[in-house]
Amino acid sequence: MTYVFPPAPQPVIPVHRSAPGDVTDFPVHRIYCVGRNYAAHAREMGADPDREPPFFFTKPADAVALAGLADEPQIVPFPPRTQELHHEIELVVGLLSGGANLTPQQARDSVFGFAAGLDLTRRDLQQQAKDHGRPWDTAKGFDASAPIGQMASLQTTGWPQRGRIWLKVNGELRQQGDIADMIWDIGEIIAELSTLFELRAGDLIFTGTPAGVGPVQPGDLLEGGVEGIGELAVRIQ
């Protein structure tokens, strides 16, 4: 096959290796995100936390930014055209298979593993979009808007039903919750999403953020994680 120009590299996420010979990279197909999936966060955003069907937005696959750990954080650029960049720590699900109209059990069977991720948001642009009934793309889908730590396979983590999810900014705890507090659980999220899209291997799903979202500035160090899954660290620059 001859291309007009060389194709861009495949976005990948490193997989935590438990033994020599284990797989090392998870190729990313699409990125889906769930909005307001923790009641406390729904309230802080001025929404009703009742168990309404989940809603989704997307980021491009190349919005992935590889995150480091506390002793070696990765640099993430502060995006243009915003005065209000916000952090949102999330449990991220990676799919090994897909399909359409999945049952919750089929959805669970499609999972490869999990990671901690950040849904970085240009909150001022998001609010402008909301005020004018416009899409959120410029607020959510910018370059490096999806920092993600190493992925852990389901075989190594087991099925996560509860566990602390947290984020610190410059050592100050900003967000803290438990993934057991998600309004819609992982299987339900995947099953609902599969009624809207035919899911594929390589899809990532950000499952929502607990309360405490807030602004970050250039120079800030963000450290976070999900208990039993993994941690991440990035410095905004």
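Residues numbered from 1 in each chain as written. Predicted model: local features only at pLDDT ≥ 70, side-chain atom pairs only at ≥ 80, totals over all residues. Heavy atoms only, no water.

S.K.: Please explain the overall build of the chain as it appears in this structure.
M.R.: A tally of regular secondary structure across the chain gives six helices and 18 strands. A compact globule built from 237 residues should have a C-alpha radius of gyration of about 18 Å, and the chain, at 17 Å, falls within 12% of that. Its C-alpha atoms give the chain principal-axis dimensions of roughly 45 × 40 × 40 Å. Looking at the chain as a whole, 49% of its 237 residues are labelled buried. Long-range contacts, defined here as pairs at least 24 residues apart, represent 75% of the contacts in the chain between residues at least 6 apart. Summed over its atoms, the accessible surface of the chain is roughly 11500 Å², and 49% of this surface lies on carbon and sulfur atoms. (Helix = DSSP H or I, 4+ residues; strand = E, 2+ residues; numbered from the N terminus. Rg over C-alpha atoms; globule rule 2.2 N^0.38 Å. Buried < 20%, exposed > 50% of the residue type's maximum accessible area, 1.4 Å probe, protein only. Contact = heavy atoms within 4.5 Å. Areas by Shrake-Rupley, 256 points an atom, 1.4 Å probe, with all protein chains shown as cover.)

S.K.: Quick question: what am I supposed to make of the sheet that holds strand β7 (residues 85-87) here?
M.R.: The pairing of strands in a sheet comes from backbone hydrogen bonds and takes either a parallel or an antiparallel form. If you walk across this open sheet you meet the three strands as β10-β7-β16, and the pairing is antiparallel. Both edges of this open sheet fall to β10 (121-122) and β16 (214-216), since each of them pairs with a single strand only. With two bridges connecting them, β7 and β10 associate as antiparallel partners. Its bridge partner lying in β10, L85 is registered against R122. (Pairing = 2+ DSSP bridges.)

S.K.: Whenever I open this one, the environment of R162 confuses me. Can you help?
M.R.: Considering the arrangement of structural elements, one finds R162 in the loop between α5 (154-157) and β13 (164-169). Measuring from C-alpha to C-alpha, the distance between R162 and H29 comes to 27 Å, with 133 residues separating the pair along the chain. What R162 contacts, discounting residues up to four positions off in sequence, is D178, I179 and A180.

S.K.: What's the story with unusual backbone geometry in this structure? I'm lost.
M.R.: Both trends apply: most residues other than glycine have a negative phi, and most peptide bonds are in trans. A positive phi angle is found at R81, which is not glycine, with a value near 65°. Assessed through its relative accessible area of 73%, R81 is described here as exposed. If you check the backbone angles, N101 has positive phi at about 55° while not being a glycine.

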